[in-house]
Amino acid sequence: MAAPTDVLTPGGSGGETSGDADGLAIRTLPPTDVYSALDTSPRGLTTEAADTRLRRFGSNELPRAAHPAMWRQLAAQFTDLFAVVLLVASAITALAYTLQEPRDPGTLQLAVAILAVVVLNASIGFAQEYSAERTAESLQAMVPHTCRVLRDAVLRELPARELVRGDVVILEAGDAVSADCRLVEAHDITVNNAAITGESDAVGRGHEPDQQGPVLEARNCLFMGTDVVAGTAKAVVFATGRSTEFGRIFQLTAAAPRQKTPLQHQVASMARRVAGAALAVGSLLFAVRLPAGQDLVSAFVFALGVMVALVPEGLPATLSVSLAIGVRRMARRHALVKQLLAVEALGSTTVVCTDKTGTLTQAEMTVVQVWAGGVMHTVSGVGYEPAGEVTDPEPVRAALRAAALCSNARLVPPSDGGRWHVLGDTTEGALLVAAAKAGLDRAAEEAAAPRVGEHPFDSVRKLMSTVHSGDHGYHACVKGAPQELLERCTAIDRQGEVIALTDALRAEVMTVNDELATQGLRVLAAARRELSGPHPDRDTVESGLTFLGLVGMLDPPRPEVREAVAACHRAGIRVVMVTGDHPLTAEAVARRVGIVRHSAPTVVTGARLNELDDDALDGLLAGQGDLLLCRVSPEHKMRVVTAFQRRLEVVAVTGDGANDAPALKHADIGVAMGASGTDVAREAAVMVLLDDSFASIATAVRLGRSVYQNIRKFLVYVFSSNIGELGPIIAATFAGFPLVPISAVQILAIDLGSDVLPALALGAERPEDDVMDRPPRSRHERLFSAAVMGRILFLGGIQALCGCAVFFWHVNGSGIPFSHFTEDNAVYREAITLVQAGIVISQFFIALTLRTERESVFRAGLLSNPWLLAAGGIGLVWMSGISYWPLLQNVFNTAPIAVTDWAVLAVLGVLPLAADEARKWSLRRRHSSRTVEQGGKR
Ligand code: ATP
């Protein structure tokens, strides 16, 4: 074996070895030689050796996807549609300035102002994208990525980045393969190599030596980036990080292109339409003003300025900020959203299909009852600490011995004052604890009956079996769902005596099973059989069995779930439990957490689902009663998700197993578990719950709804101010006033100086109290609904009227005829200053009232969004500067505002708020009288 060992010596710097050479050499060795070739042992590396290798060869990480250079990202901001339009406008204005005779400094100011708009917008856009990228990265880093490794002969769970060459890893269905490794033991293992070969069909793998063919096709190697679809395996790492095939093949230079969500598309297309409208308005004003005696260049510059001012340039950036804030808030509440798209879909979720174990319950299993030899035995103690007793342990030992031998989990004693916990499947952990309480020593049992074969658990068969050798030949231990196991039994152990399993005895077992399940217990059965050899096929192992007993385990509901389920119900969201567990167990748990509220829920099993065609299934889902889907496999889950979607429901579905991936991908929101789920499920989902709890889904829906609401709020805010600005201009044009009541530069000062920050603050508004008391928004509802348009016109209209009133009140009050007004006239300068200040003040009050849709803002607390108050304050300071500071007075052609005028403006500014509060009040009144009426009818 000298030659391969030479090839396998790590070479180069930073852990760079030729993965190809490793793969070729290592694949030819028999499993027993793999250990020595990689300088390790079946007991794994020692911690010391692993640390040395980690220091020497680096961590098991790939270089981050390179970001495009900063300057490129910044430059990209100047090439989007709005920026280009504005740059052209600025250039034309500057050109107009050079053609003017005499030259008007105002034209040059406008050109500069438009340029400033572009620069400011580009900076905001750049900053937002940059921070959104960092957020996405940090969220990605929060998704747990661990692996199970033997170190110092003990199975541990370690961060995947700490893997080194020579590590012995244990893999099972749903695990992502974290490094290139050679199989030394394999049980029915199949992998999905799509990430490296593009071929998405699962392929079988084994541990026997292999000779020919390309390294990626080696039948005894698993590669980083691929996933284990089924089975279990033990493998030795031979390449990590950049030396892996994945690291070598993929030039991870370009980040995946960021896709726009439908919402972003809607806003972008709306912004474009508004730009078109602005163009039309500008052209109209140009056409009206030219015959009214203005010279061509000034009429053109004016129209251009108005158009630019009306374009909602900042909208797309504000939208991204709002979505990003939503994503960050969700992350703080344990819900990691991997795509912005999910934030939107969450807000319109109508159905949540949820798992039971871990999501509704604590996944803290404790065996409380064991039925063996025809007698029920009680087990004391709680959690995974093997402390407690079994009443009369002797008769239950055979069942618990078989269950313990047929388990891959490991109990981990507490460290630093913590609690006992389980590495691996919690159901199996509970069985190990019960076995210990019955006085069984697992290590001794395993030594007496070493495992020589395994057929791993899968949720379709609902069984797991292992083969063991012993003093008297070979035998199999099998555990699984009682009904499935009982079908494969021909005998039963009654107080140590094996007798034939008659129909009456079968019925007795199923009655006991139902009794346990009705108490909400998860029930498993255990069986065994003698075998003639070490490698019989699975059907042989799992047939002709002797039934040993039933084990009932308690998994208490999570305390926070009941309230979360109730919140979903109030919000018009249907909660459907989808579980592999027994119908009675499922119903008991569903009642405890409030999913079942009525006496008779609809309970449908996987077997029944198989009998239903699509129409029948659609009919079943159409009923609005409480629905439980039990004894289902991941394929059923996928079918149910698709059926709900046919009914135009927006479906969120949870999943933790490898086979859940298709349903997670297909659902509108696939939700995976961060703590207990598999890597494959986490990859397929768009949302990962760090705490696995259903309550986090409800919270995410609430936040998703509020993000959508906030977006509408700032849309109303931005567009109503446009109407407020445009109204006086149009009025003046048609009233024959020769000048504008507010100049283009002033409008830009509003859009940039006083509008951007409040819009951002509205985007960050906290969810309204009643956000979960309304039905879900229809998936076809447009962002600019009739209600939104109505509110824009309502608030913008009031603002426009106030602007006209202020302007004409001031110019009329001077007694000067309209035709005598010039740009330099002091009254005119005061009047346009008043219009600008009036808009700034009323925008502040509009922002306040927009904080709530139906609730009075006074109830919500006027001061509860400090960002908005600060943004309003900054706007006022900016406006005061424009009014009183000579430098800015020159730029904007403004004049100082008298104190009494401020008072008038304040009164007018409050008007939109007062009117909107009155509108909300009547809305609430109508709503409550409708509720009373409905209550009366019932
Ligand atoms: P839940 O909704 O409670 O999470 P599930 O969908 O995860 O349930 P499965 O894990 O598919 O359900 O389990 C289905 C049944 O298979 C269980 O009710 C139990 O009887 C049996 N079972 C579960 N885990 C194991 C295991 N490790 N070995 C053998 N049988 C098991």
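Scroll up to find the structure this text is about.
This structure is a prediction, so every number in the text was calculated from the model and none was measured.

Trainee: Explain the overall build of the protein to me, using residue names and the numbers behind them.
Mentor: Looking only at helices and strands, one finds 34 helices and 26 strands in the protein. Principal-axis analysis of the C-alpha atoms places the extent of the protein at approximately 115 × 80 × 50 Å. By residue count, 54% of the 938 residues in the protein fall in the buried class. Counting contacts in the protein only where the partners sit at least 6 residues apart, residues at least 24 apart contribute 72% of the total. When the accessible surface of the protein is summed, it comes to about 39100 Å², and 59% of that surface belongs to carbon and sulfur atoms. Distance between charge centres in the protein, computed from 85 positive and 99 negative side chains, equals 5 Å.

Trainee: For unusual backbone geometry, give the residues involved together with the corresponding values.
Mentor: Leaving glycine aside, a negative phi is the common case for residues, and trans is the common case for peptide bonds. Even without a glycine there, the phi angle at aspartate 39 is positive, about 55 degrees. Under the relative-accessibility criterion, aspartate 39 is labelled exposed at 58%.

Trainee: For the packing of aromatic side chains, give the residues involved together with the corresponding values.
Mentor: By the definition in use, this model includes eight aromatic pairs. Residues phenylalanine 737 and phenylalanine 807 carry aromatic rings whose centres are separated by 5.1 Å and whose planes lie at 85 degrees to one another, so their mutual orientation is edge-to-face. Here phenylalanine 807 lies in helix H29 (residues 786–813) and phenylalanine 737 lies in the loop between helix H27 (694–735) and helix H28 (744–763), a separation of 70 residues in the sequence. As far as burial versus exposure is concerned, phenylalanine 737 and phenylalanine 807 are alike and both buried. The aromatic ring of tyrosine 708 is capped on one face by arginine 777, whose charged end is 3.4 Å from the ring centroid.

Trainee: Give me the lowdown on the site of the ligand, citing residues and values where you can.
Mentor: Surveying the vicinity of the ligand reveals 18 residues, the closest of which are Thr357, Asp425, Lys479, Thr579 and Gly580. Separating a nitrogen atom of the ligand from a side-chain N or O atom of lysine 479 is a distance of 3.0 Å. In the model, an oxygen atom of the ligand is placed 3.2 Å from a nitrogen or oxygen of the arginine 522 side chain. Contributions of two or more residues to the shell around the ligand are made by strand E16 (473–480) and strand E19 (522–531).

Trainee: I'd like a rundown of the environment of alanine 566, residues and numbers included.
Mentor: Counting through the fold element by element, alanine 566 comes out in helix H20 (residues 561–570). In this structure, the C-alpha to C-alpha distance between alanine 566 and valine 593, residues 27 residues apart in sequence, is 8.8 Å.

Trainee: Now, about the side chain of arginine 165: what can you tell me, with residues and values included?
Mentor: Structurally, the position occupied by arginine 165 is in the loop between strand E2 (154–159) and strand E3 (168–172). Looking at arginine 165, the relative accessible area reads 10%, which means it is buried. Side-chain polar atoms of arginine 165 contact the backbone oxygen of phenylalanine 238, separated by 2.9 Å.

Trainee: Give me the packing of H20 against helix H21 (residues 583–593): which residues, what numbers.
Mentor: For the pair H20 and H21, the least separation of the axes is 8 Å and the interaxial angle reads 80 degrees. As summarised for this structure, H20 and H21 are arranged roughly perpendicular, according to the angle between their axes. Residues Val561, Arg562 and Val565 of H20 touch H21, and the partners they reach there are Arg591, Arg592 and Val593. Residue classes in the contact of H20 with H21 are distributed as three nonpolar, no polar and three charged.

Trainee: Can you tell me about the pairing of strand E15 (residues 463–470), naming the residues and giving the values?
Mentor: Within E15, seven of the eight residues are buried, leaving the element largely enclosed by the surrounding structure. Summarising the sheet, strand E14 (residues 451–458) and E15 pair through five bridges and their orientation is antiparallel. Note that in E15 the partner of glycine 453 across the bridge is valine 467. Between E14 and E15, which follow one another and run antiparallel, lie four residues, and lysine 462 among them has a positive phi close to 60 degrees. Here E15 pairs with E16 via eight bridges, running antiparallel. Bridged to serine 465 within E16 is valine 478. Between E15 and E16, which pair antiparallel and follow one another directly, the connecting turn spans two residues.

Here is what the cut-offs are and how they apply
Residues numbered from 1 in each chain as written. Predicted model: local features only at pLDDT ≥ 70, side-chain atom pairs only at ≥ 80, totals over all residues. Heavy atoms only, no water. Helix = DSSP H or I, 4+ residues; strand = E, 2+ residues; numbered from the N terminus. Buried < 20%, exposed > 50% of the residue type's maximum accessible area, 1.4 Å probe, protein only. Contact = heavy atoms within 4.5 Å. Areas by Shrake-Rupley, 256 points an atom, 1.4 Å probe, with all protein chains shown as cover. Lys, Arg positive; Asp, Glu negative; His and termini not counted. Charge placed at Lys NZ, Arg CZ, Asp CG, Glu CD. Phe/Tyr/Trp six-rings, centres within 6.5 Å; stacked < 30°, edge-to-face > 60°. Lys NZ or Arg CZ within 6 Å of the ring centre and 35° of its normal. Near = heavy atom within 4 Å. Polar contact = N/O pair within 3.5 Å; in protein donor to acceptor, adjacent residues only side chain to side chain. Axes fitted to C-alpha atoms, helices over the stretch in contact; angles between N-to-C directions. Parallel < 35°, antiparallel > 145°, perpendicular 65-115°, else oblique. Nonpolar A, V, L, I, M, F, W, Y, C, P; charged D, E, K, R; others polar. Pairing = 2+ DSSP bridges.

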